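Single-letter residue listing:
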Amino acid sequence: DTGVSQDPRHKITKRGQNVTFRCDPISEHNRLYWYRQTLGQGPEFLTYFQNEAQLEKSRLLSDRFSAERPKGSFSTLEIQRTEQGDSAMYLCASSFRERVASGNTIYFGEGSWLTVV
Amino acid sequence: KQEVTQIPAALSVPEGENLVLNCSFTDSAIYNLQWFRQDPGKGLTSLLLIQSSQREQTSGRLNASLDKSSGRSTLYIAASQPGDSATYLCAVRPLFNNDMRFGAGTRLTVKP
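Because the structure is a prediction, the values reported are computed rather than measured.

Let us now look at the overall build of chain A. A count of helical and extended segments in chain A gives zero helices and 11 strands. Moving toward the C terminus, one meets the helices and strands of chain A in the order β-β-β-β-β-β-β-β-β-β-β. Its C-alpha atoms give chain A a radius of gyration of 14 Å, within 12% of the compact-globule value 13 Å for 117 residues. Dimensions of chain A, computed from C-alpha atoms along their principal axes, come out at roughly 45 × 25 × 25 Å.

All names here are of chain B. Pairing analysis gives four bridges linking strand E6 (residues 56-59) to strand E7 (residues 62-67), with the strands arranged antiparallel. Bridge assignment links serine 59 to a residue of E7, and that residue is leucine 62. The antiparallel pairing of E6 with E7 creates a hairpin that spans two residues between the two strands, and glycine 60 there sits at a positive phi of about 60°. Where E7 lies against strand E8 (residues 72-77), six bridges are found, and the strand directions are antiparallel. What sits directly across from aspartate 67, in E8, is arginine 72. Taking the residues that link successive antiparallel strands as the turn, the E7-E8 hairpin has four residues, and the phi of glycine 71 there is positive, at about 70°.

Criteria and thresholds
- Within each chain, residue numbers correspond to sequence positions counted from 1 in written order.
- Starting at A for chains and at 1 for ligands, labels are handed out in the order in which the entities are written.
- For a predicted model such as this one, the threshold for reporting local features is a pLDDT of at least 70, and the threshold for listing and counting side-chain atom pairs is 80 or more; totals across whole chains, interfaces and linings nevertheless cover every residue.
- Hydrogens and water molecules were not included; the side-chain quantities draw on all heavy atoms of the structure.
- What counts as a helix is a DSSP run of H or I of at least four residues, what counts as a strand is a run of E of at least two, and both are numbered from the N terminus.
- Note that the radius of gyration is over C-alpha atoms, with the globule rule given as 2.2 Å times the number of residues to the power 0.38.
- Strands were regarded as paired on the criterion that DSSP finds at least two bridges between them.

Shown next as C-alpha cells:
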C-alpha cells in the first residue's frame with residue numbers, strides 16, 4: 001500500500017491552456033475526493049466519487065473543471081482554459097466507506113501544484 | 001453553511017511545552033471531526049478522528065477533544081518537540097454529505 005499518489009507534482013502552464021491531474025487512491029478505497037488549497041487557507045472541497053459515480057460537486061467546480069473516475073480506480077481532474085485564479089494546490093484524497101471502526105478516515109496525497117502564468 | 005475557525009493562526013513555543021490548539025465550528029450537525037498535520041508544500045496527514053458520539057481521542061502525545069454542543073474541539077500536544085512544527089488543520093464532516101469543511105489552520109513553531 002503506497003498511499004495516495006498524484007501526478008504531476010508541479011505544473012506551470014500559460015493562461016488559456018488545459019491541464020490534467022491524475023490521482024491514484026489507496027487500492028481498496030472506494031471513495032475519492034478532490035480538494036483545492038491556496039496559500040494560508042485550508043483545503044476546499046471540489047468533488048467526490050464513490051466508485052465510478054461522481055456523487056457530489058461543489059459550486060467551486062465551474063464548467064471549466066471536469067473530473068472522472070472511469071473504472072472506479074484512478075481519477076483525473078481537468079481544467080480547461082486555465083486562468084490565473086486557478087493557481088493552487090490540488091489535493092486528492094481517498095477513504096473506505098465500509099470501515100466504520102476507522103470512522104472513514106480520509107487519506108490525502110501530496111498534492112499537485114498548479115501555477116498559471 | 002458550516003464555518004470552521006482555528007485560533008490562534010500562528011503559535012511559537014519553546015521545546016517541551018504543552019500546548020492547546022483550538023477549533024470551532026458553527027453547525028453542530030456533524031458526522032465526525034478530524035485533525036490533520038500539514039508540512040510546508042506537502043499533503044495532509046491524518047492525526048486523530050473523533051466521531052460525533054465520542055468526546056476524545058488519544059494518540060501518543062496528542063489528545064483531541066470534541067464538544068459538539070458548543071461547536072468546539074481542541075488538540076492538546078504534550079511535551080512539544082521541534083519535529084512537531086507544522087500547520088495543524090481541523091476539518092468537520094457534515095451529517096448528510098461529504099463536503100468536509102476545513103479551518104485555515106494553526107501554524108505551529110517549536111523552538112529547540
